[in-house]
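# Understanding the architecture of this molecule
Each chain, written out:
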Amino acid sequence: MKIQLIHKFEDIISVENLLDAWKEFVRGKRRKPDVQEFSMNLMDNILLLHSDLADFTYKHGGYQAFNISDPKPRNIHKASVRDRLLHHAIYRILYPFFDRTFIADSYSYRINKGTHKAINRFRSFAYEVSRNNTKTCWILKMDIRKFFANIDHRILMRALYRGIADKYILWILNEVIRSFPKGLPLGNLTSQLLVNIYMNELDQFIKHKLKAMYYIRYADDFVILSQNKDWLENQIKPIQDFLSEKLRLELHPNKIVIKTLSSGVDFLGWVNFFDHRVLRTATKRRMLKRIKENPAEATINSYLGLMRHGNTGKLKRKIII
């Protein structure tokens, strides 16, 4: 039997949910000028948003674009405070339901997941596949070209229809999705959930159709581990075909790699081996450059926290000294 969301549109747009969403949204943003302006007439603004949603006159506004480097250049689009508040209200209701439908080894944009748990899972899989380093462990590593920019709105809406029966929730989701001309904006909280709903189609295909036992995905990066190199090579075309035909996505042709664990596999910022992991060279250079530019204690402690997750003793001593 198909499992569907039991919540209704009223649960999302209720004043209570909007107020709870505001409390979550405003953390760490109280000094932002646009947030301060909205909060000056907070209840009036929330009641007006509720009214516009209740009578279906709500229209999502435009976006402010800016660039960041984290480390590669990314174009971020920021919506208005009013629209971002709605994103939080939607997320609060939809995330718990959809999160239960995802595979265990999808790690991006999920509560109690993240990069560190993903690379620890990678290590656990490596132990199993290599039989404690007594067998050759092969890793197929892939990522998707221009991931957020190429999310197809119609395919995404079809995935949402399968999980949501309430036509008004689908209306507001369509309004949010169509507010961006192509793909999904990196700045929206809803985008984090929506890309996982979209990519869950691939996760289910790889786990249940291709029968890949040792599969991990973080956003658009994913790996499959196996003792059988030929089997891994034979999975590339089915994955390419599924992405193209079902999701209108494509693998980055220069980032399809099959390597042994013993040669070191670059995954989520770390080069992973059987019994240790080291930061990739580019990450170390970037870290040292940023510490030189901003040698504040908070910056150094942040990087020391990152380095706890790998073999970085020499690098730690270099930073502390």
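Rules of the game
Residues numbered from 1 in each chain as written. Predicted model: local features only at pLDDT ≥ 70, side-chain atom pairs only at ≥ 80, totals over all residues. Heavy atoms only, no water. Phe/Tyr/Trp six-rings, centres within 6.5 Å; stacked < 30°, edge-to-face > 60°. Helix = DSSP H or I, 4+ residues; strand = E, 2+ residues; numbered from the N terminus. Buried < 20%, exposed > 50% of the residue type's maximum accessible area, 1.4 Å probe, protein only. Lys NZ or Arg CZ within 6 Å of the ring centre and 35° of its normal. Polar contact = N/O pair within 3.5 Å; in protein donor to acceptor, adjacent residues only side chain to side chain. Contact = heavy atoms within 4.5 Å.

## A short note on the packing of aromatic side chains
- Tallied over the full model, the rule gives 17 aromatic pairs.
- Between Trp 22 and Phe 38, the ring centres sit 5.4 Å apart and the planes meet at 25°, which makes this aromatic pair stacked. Taken together, the positions of Trp 22 in helix α2 (residues 15-25) and Phe 38 in helix α3 (residues 33-40) put the pair 16 residues apart, joining distant regions of the chain.
- The buried category is assigned to Trp 22, whose relative accessible area is 6%.
- Chaining the aromatic ring pairs together yields one cluster made of Phe 9, Phe 56, Tyr 168 and Trp 171.
- The lysine or arginine in question, Lys 29, covers the ring of Phe 25, its NZ or CZ lying 4.6 Å from the ring centre.
- Stacked on the ring of Tyr 107, the Lys or Arg Lys 113 has its end atom at 4.8 Å from the ring centre.

## Here we look at unusual backbone geometry
- Residue Tyr 109 is not a glycine yet carries a positive backbone phi of 55°.
- The topology assignment puts Tyr 109 in the loop between α5 (81-99) and α6 (115-129).
- Although it is not a glycine, Leu 268 adopts a positive phi angle of roughly 60°.
- Tracing the backbone through its elements, the reader meets Leu 268 in the loop between β7 (265-267) and β8 (270-272).
- For Leu 268, a relative accessible area of 17% translates into the label buried.

## Some points on the side chain of Asp 105
- Along the chain, Asp 105 falls in the loop between α5 and α6.
- At a separation of 2.8 Å, a polar atom in the side chain of Asp 105 contacts the side chain of Tyr 107.
- Excluding anything up to four places from it in sequence, Asp 105 contacts Arg 121, Phe 125, Tyr 215, Ile 216 and Arg 217.

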